Amino acid sequence: MTIVEDPAALSPVQARALFREGTVSPTAGWVSGYTQANLIAVPRDWAFDVLLFCQRNPKPCPVLDVTDPGSTATVLAPGADLSTDFPRYRVWRDGELAEETTRVDWGEDLVGFLIGCSFTFESGLAADGIPLRHWEQGRNVAMYVTDRECRPAGRLHGPMVVSMRPIPAAQVERAIEISGRMPAVHGAPVHVGDPAELGIENLDKPDFGEALDFRDGDVPVFWGCGVTPQAALMASRPPFAITHAPGHMFVTDVEDGEYRV
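All values reported here derive from a predicted model rather than from experimental measurement.

### Section: the pattern of salt bridges
Consideration 1: This structure, assessed with the given rule, holds 15 salt bridges.
Consideration 2: D128 is the partner of R174 in a salt bridge, and the nearest nitrogen-oxygen pair spans 2.9 Å. Here R174 is found in helix α5 (residues 172-180), whereas its partner D128 is found in the loop between α3 (119-127) and α4 (133-136), with 46 residues between them in sequence.
Consideration 3: Judged by its relative accessible area of 33%, D128 is partly exposed.
Consideration 4: Taken together, the shared-partner salt bridges in this structure form one network comprising D128, R174, E177 and R181.

### A look at the side chain of R133
Consideration 1: Secondary-structure assignment places R133 in helix α4.
Consideration 2: Of the residues examined, R133 reaches a relative accessible area of 5% and is grouped as buried.

### Structural notes on the environment of E96
Consideration 1: Summarising the element assignment, E96 is placed in strand β4 (residues 96-101).
Consideration 2: By relative accessible area, E96 is classed as partly exposed at 45%.
Consideration 3: For the pair formed by E96 and R237, sequence separation is 141 residues and the distance between their alpha carbons is 7.4 Å.

### Thoughts on the nonpolar core
Consideration 1: Membership of the largest hydrophobic core comes to 32 residues, with the highest contact counts inside it found for L39, L114 and I242.
Consideration 2: Breaking this core down by element, the ones donating at least two residues are β1 (34-43), β3 (89-93), β5 (110-116), α3, α5, β9 (218-224), β10 (240-244) and β11 (250-255).
Consideration 3: Excluding residues that lie within four positions of it along the chain, I242 makes contacts with L39, I40, A41, Y89, R90, V104, D105 and L110.
Consideration 4: Judged by nonpolar contacts, the second largest core, of 29 residues, contains V42, A142, F222 and L233.

### As for the packing of aromatic side chains
Consideration 1: Scanning the entire structure with this criterion turns up four aromatic pairs.
Consideration 2: The positively charged end of R155 is found above the aromatic ring belonging to W46, 4.0 Å away from the centroid.
Consideration 3: Sitting above the plane of the W223 ring, R165 keeps its charged end 5.1 Å from the centroid.

### Details of the environment of E99
Consideration 1: Among the secondary structure elements, E99 is positioned in strand β4.
Consideration 2: Residues E99 and N202, 103 residues apart in the sequence, show an inter-C-alpha distance of 27 Å.
Consideration 3: In contact with E99, not counting residues within four places along its chain, are Y89, R90 and V91.

### Looking at helix α1 (residues 12-20)
Consideration 1: Buried residues of α1: P12, A15, R16, L18 and F19, and no others. Taken down its axis, α1 places every buried residue within 155° of arc, on the same side.
Consideration 2: Lining the buried residues of α1 we find β1 and β11.
Consideration 3: G22 sits one or two residues past α1 and shows a positive phi near 115°.

Analysis parameters
Residues numbered from 1 in each chain as written. Predicted model: local features only at pLDDT ≥ 70, side-chain atom pairs only at ≥ 80, totals over all residues. Heavy atoms only, no water. Salt bridge = Lys/Arg side-chain N within 4 Å of Asp/Glu carboxyl O. Helix = DSSP H or I, 4+ residues; strand = E, 2+ residues; numbered from the N terminus. Buried < 20%, exposed > 50% of the residue type's maximum accessible area, 1.4 Å probe, protein only. Core = buried A, V, L, I, M, F, W, Y, C linked by side-chain atoms within 4.5 Å. Contact = heavy atoms within 4.5 Å. Phe/Tyr/Trp six-rings, centres within 6.5 Å; stacked < 30°, edge-to-face > 60°. Lys NZ or Arg CZ within 6 Å of the ring centre and 35° of its normal. Arc of directions from axis to C-beta.

Shape descriptors only; they carry no functional weight alone.
The following block contains the structure:
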């Protein structure tokens, strides 16, 4: 596996080539200035349920692109292949995680959804001097299943998942302002402060990703997360699905600024 000294300086094409060749890494901090995306791909007869679920729950599930059945192409990165260009995938059968892999068999019936990722607004936070503890600590971002149920759609239902970043209290308002300008990639936080209000019992035990160390004065800030469809898969149990592994995103050719309002 290739060792990448400065992943932030890579181009989207270079990053996707590394992933296609087998490099596996969470993508927080990779390819500075370019939008990243989550994935959920389902058989065509489940595609409307997913589309409606995302439309009804835009905070955790903002849709950036939808593929044609059987196609691994996306307008977000011409020439890319959605079956090879993520660093790690998850394959689901009947709502159970069947395997994690670095490439997938994309059948002719599969429809893919690329969903906005909060990694996209992190460059804006960093540029404003807001520390990102998972960058500092070389870890994946922490993600938690909440007790807030998403609005169901057809056969699809499940709880909202959030990503959490420890933010210095004096900078929380600014973090809300910066992320709020990018609603297509989750926008402003859904909650600040006490995790128990989201049904989260222990920040040291995330459901996905890695636990993060807090510094004095840090406050937990929670954003809607594109792993939410994976929680819906576990609750709704479609016969087959493919997703990204949490934190292992698709790097697009779209600059972050395109999603800033």
